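# Results of the structural survey
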Amino acid sequence: MQNEQTLKNYEKYLDLITNEINKMFENQKEYICCSNGCSLCCEQGMYPFSEIEFEYIKQAYEKLPNNIKHKVKENVQELSNIVGKESLYKCPFLIDKSCCVYSNRGLICRTFGLISENAAKKLTIPYCAEHGLNYSKVYDKETHQIYMEKVNELGYKNIPIAYNLSKYNLMYGIAKSLNFEWGDSKLLIEWLIEYFSIVD
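Our subject in this report is the structure included herewith. Computed from a predicted model, the values in this text were never measured in an experiment.

About the criteria used
- Residues numbered from 1 in each chain as written.
- Predicted model: local features only at pLDDT ≥ 70, side-chain atom pairs only at ≥ 80, totals over all residues.
- Heavy atoms only, no water.
- Helix = DSSP H or I, 4+ residues; strand = E, 2+ residues; numbered from the N terminus.
- Buried < 20%, exposed > 50% of the residue type's maximum accessible area, 1.4 Å probe, protein only.
- Salt bridge = Lys/Arg side-chain N within 4 Å of Asp/Glu carboxyl O.

## A closer look at unusual backbone geometry
We note that Tyr135 has phi near 65 degrees; this positive angle belongs to a residue other than glycine. Structurally, Tyr135 is set in the loop between strand E5 (123-124) and strand E6 (139-140). Taking relative accessible area as the criterion, Tyr135 reaches 1% and is therefore assigned buried. Non-glycine residue His144 carries a positive phi angle of around 60 degrees. Counting through the fold element by element, His144 comes out in the loop between E6 and strand E7 (145-146).

What follows is the structure, given as structure tokens:
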């Protein structure tokens with residue numbers, strides 16, 4: 001359980017990191033197709049969350065109307081059989097194709113849609129490129145790579161950039177100077193099942 005001051009420090013971190021992430025999205029906006037009602041990234045994922053991220057999203061959940069809380073809980077119950085398995089699942093907070101706790105979403109939610117690079121320099125192109133969304137006009141489905149010739153051919157102003165969105169970089173870069181601990185890391189569904197078993 002995180003105390004109130006720790007969560008305030010985490011909010012300061014979110015202000016800083018969100019500013020950086022917004023700059024990335026602004027630079028890549030020609031390739032980004034995210035819009036209201038587009039929920040593909042919330043339909044199939046595993047959603048790793050640190051303890052403090054879960055405490056923060058839980059704050060938003062607790063303020064929801066009872067009927068939405070009930071839907072979230074139903075979603076969690078339907079997914080309870082996948083715990084411990086490497087299964088993709090729909091986020092329980094996705095209600096009618098919209099995130100009901102959007103302002104308190106986790107880092108994985110805030111960064112999805114960009115091309116990311118991990119510590120080993122391996123690139124991950126958002127899978128929505130396969131579905132005609134982000135980067136799809138310059139994405140080669142056969143090679144699973146960005147087709148730079150298309151970038152030039154289509155006259156894009158900025159080239160596709162891979163950002164270091166590794167968990168380590170996000171959690172220990174800007175956050176280093178702020179006084180909070182990330183805590184344990186689990187899949188969102190695991191945190192939720194644990195939470196509902198405690199509050200019932």
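What follows continues from the structure just given.
## Let's talk about the pattern of salt bridges
Counted under the stated rule, the structure contains seven salt bridges. With a shortest N-O distance of 3.6 Å, Lys23 and Glu20 are connected by a salt bridge. Remark: Glu20 and Lys23 occur in helix H1 (residues 4-27); sequence separation between them is three residues, near one turn of the helix. A salt bridge links Glu43 to Lys97; the shortest N-O distance between them is 3.4 Å.

No statement about biological role is implied by the geometric values presented.
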